[in-house]
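The lines below spell out each chain.
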Amino acid sequence: MPGWWLGLDPARTGAGILLAPDRVPVVAYCWRPRQRLGRGCYELSVVAAGGHQRRETVASLHHVGMAMVASVARVVGEPTWGVAAEAPYVSRLNPSTGLLVAISTGELVGPMRERMRYPLLLTKAAEWRQELLGLHHRTERKRAKKVSLGTMPQRLPGIGELLARTAALLGTEPGKLDHVTDAGGVAEYGYIHGEEAA
């Protein structure tokens, strides 16, 4: 049976989902950039199955990664786990967006390196969406996000509750947190393919 997997949608406004070895989502992490005292920072929410939840402000995406490492270590009780992330897409028309996501990914994943059971599994958005959501690789982003919000709670029972509680904690609508269900898709893709890619 595969072990624990943390899936990341690693943008500046992003999310992570921790899947247990029985493929149940047990913790949702969600972060977004904020300003505090004239400086940039990140608001991080942590929502666990079973009731625990909190919001905190951290200085950078690196600190978001550090907070996730500490949280995951407490939950899994093991020294290492799998980590999968959606790969940055660098387009010819607007390469700067993809490069910013690549930098964000590095900031988030850096603190996790020593805890990774396998090398970081990067999956293209089109790749995991085609396999898990049945979407063609040219599906437009708006439709892909809608399908993710509708399908991932069926694929991973429990993610719907984490999504709803995260939205309530952040004072927003679940439909605006598609990065949470996307992170669930990435986690499931890592769960399925992580050991073979190692």
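K.L.:
Whenever I open this one, the pairing of strand β1 (residues 5-9) confuses me. Can you help?
P.N.:
Each regular strand displays side chains that alternate between the two surfaces of the sheet. Most of β1 is tucked away: 5 of the 5 residues are buried. Burial along β1 is two-sided: W5, G7 and D9 facing one way and L6 and L8 facing the other are all buried. Where β1 lies against strand β2 (residues 14-19), 5 bridges are found, and the strand directions are antiparallel. Within the sheet, the bridge partner assigned to D9 lies in β2 and is A15. A loop of 4 residues connects β1 with β2, the two strands running antiparallel in sequence. As paired elements, β1 and strand β6 (residues 82-86) share 4 bridges and run parallel to each other.

K.L.:
What's the story with the pattern of salt bridges in this structure? I'm lost.
P.N.:
Side chains bearing opposite charge may pair, as long as their charged atoms lie close to each other. Across all of its chains, the model carries 10 salt bridges by this definition. As a salt-bridge pair, E56 and R54 come within 2.9 Å of each other at their nearest N and O atoms. Salt bridges here are not isolated pairs; linked through shared partners, they connect R129, K145, D178 and D182.

K.L.:
Could you clarify how one ought to interpret unusual backbone geometry in this entry?
P.N.:
Both trends apply: most residues other than glycine have a negative phi, and most peptide bonds are in trans. Here R23, not a glycine, exhibits a phi torsion of approximately 70 degrees, which is positive. Here R23 is to be found in the loop between β2 and β3 (25-36). Of note in this structure, L37 is not a glycine but carries a positive phi near 55 degrees. Locating L37 in the fold gives a position in the loop between β3 and β4 (39-48).

K.L.:
What exactly am I supposed to notice about helix α5 (residues 159-170) here?
P.N.:
Each turn of an α-helix holds 3.6 residues, which means side chains three or four residues apart point in the same direction. Here α5 spans 16 Å end to end across 12 residues, near enough to the 16 Å set by a 1.5 Å rise per residue. Inspection of α5 places I159, L162, L163, R165, T166, A167, L169 and L170 among the buried residues, and these make up the whole buried set. Two residues or fewer past α5, G171 is found with a positive phi of approximately 70 degrees.

K.L.:
Would you mind going over the environment of L121 with me for this structure?
P.N.:
Residue placement: L121 occurs in strand β7 (residues 121-123). Spatially, the C-alpha atom of L121 lies 9.4 Å from that of V186, the residues being 65 residues apart in sequence.

K.L.:
What is the right way to read the nonpolar core from this model?
P.N.:
As a rule of thumb, nonpolar side chains are buried together in soluble globular proteins. Ranked by size, the top nonpolar core spans 32 residues in total, and within it I17, L19, W128, L133, L177 and V180 carry the most contacts. Secondary-structure elements contributing two or more residues to this core are β2, β3, α3 (125-133), α4 (141-155), α5 and α6 (178-197). Among all residues touching V180, those that are not within four sequence positions of it are A15, I17, C30, I159 and L163. Ranked by size, the runner-up nonpolar core spans 29 residues in total, among them V26, A48, V69 and M112.

K.L.:
Which parts of the structure should I look at to understand the packing of α3 against α4?
P.N.:
Two numbers describe a pair of packed helices, the interaxial angle and the distance between the axes. At a minimum axis distance of 11 Å, the contact between α3 and α4 shows a crossing angle of 50 degrees. One way to sum up the angle between α3 and α4 is to call them oblique. Here the hand of the crossing between α3 and α4 comes out left-handed. Residues W128, R129, L132 and L133 of α3 pack against A144, K145, V147, S148, T151, M152 and R155 of α4. Taken together, the residues of the contact of α3 with α4 break down into 6 nonpolar, 2 polar and 3 charged.

K.L.:
Which parts of the structure should I look at to understand the environment of G150?
P.N.:
Within the secondary structure, G150 sits in helix α4. Note on G150: relative accessible area 36%, which makes it partly exposed. Taking the C-alpha atoms as reference, G150 lies 12 Å from G185; in sequence the two are 35 residues apart.

K.L.:
When you look at α3 in this model, what are you seeing that I'm missing?
P.N.:
When we look at burial in α3, the residues that qualify are A125, W128, R129, L132 and L133. Mapping the buried residues of α3 onto a view down its axis gives an arc of 100 degrees, with all of them on the same face.

Basis of the calculations
Residues numbered from 1 in each chain as written. Predicted model: local features only at pLDDT ≥ 70, side-chain atom pairs only at ≥ 80, totals over all residues. Heavy atoms only, no water. Buried < 20%, exposed > 50% of the residue type's maximum accessible area, 1.4 Å probe, protein only. Helix = DSSP H or I, 4+ residues; strand = E, 2+ residues; numbered from the N terminus. Pairing = 2+ DSSP bridges. Salt bridge = Lys/Arg side-chain N within 4 Å of Asp/Glu carboxyl O. Expected span 1.5 Å × (residues − 1). Core = buried A, V, L, I, M, F, W, Y, C linked by side-chain atoms within 4.5 Å. Contact = heavy atoms within 4.5 Å. Axes fitted to C-alpha atoms, helices over the stretch in contact; angles between N-to-C directions. Parallel < 35°, antiparallel > 145°, perpendicular 65-115°, else oblique. Left-handed = near helix turned anticlockwise from the far one by under 90°. Nonpolar A, V, L, I, M, F, W, Y, C, P; charged D, E, K, R; others polar. Arc of directions from axis to C-beta.

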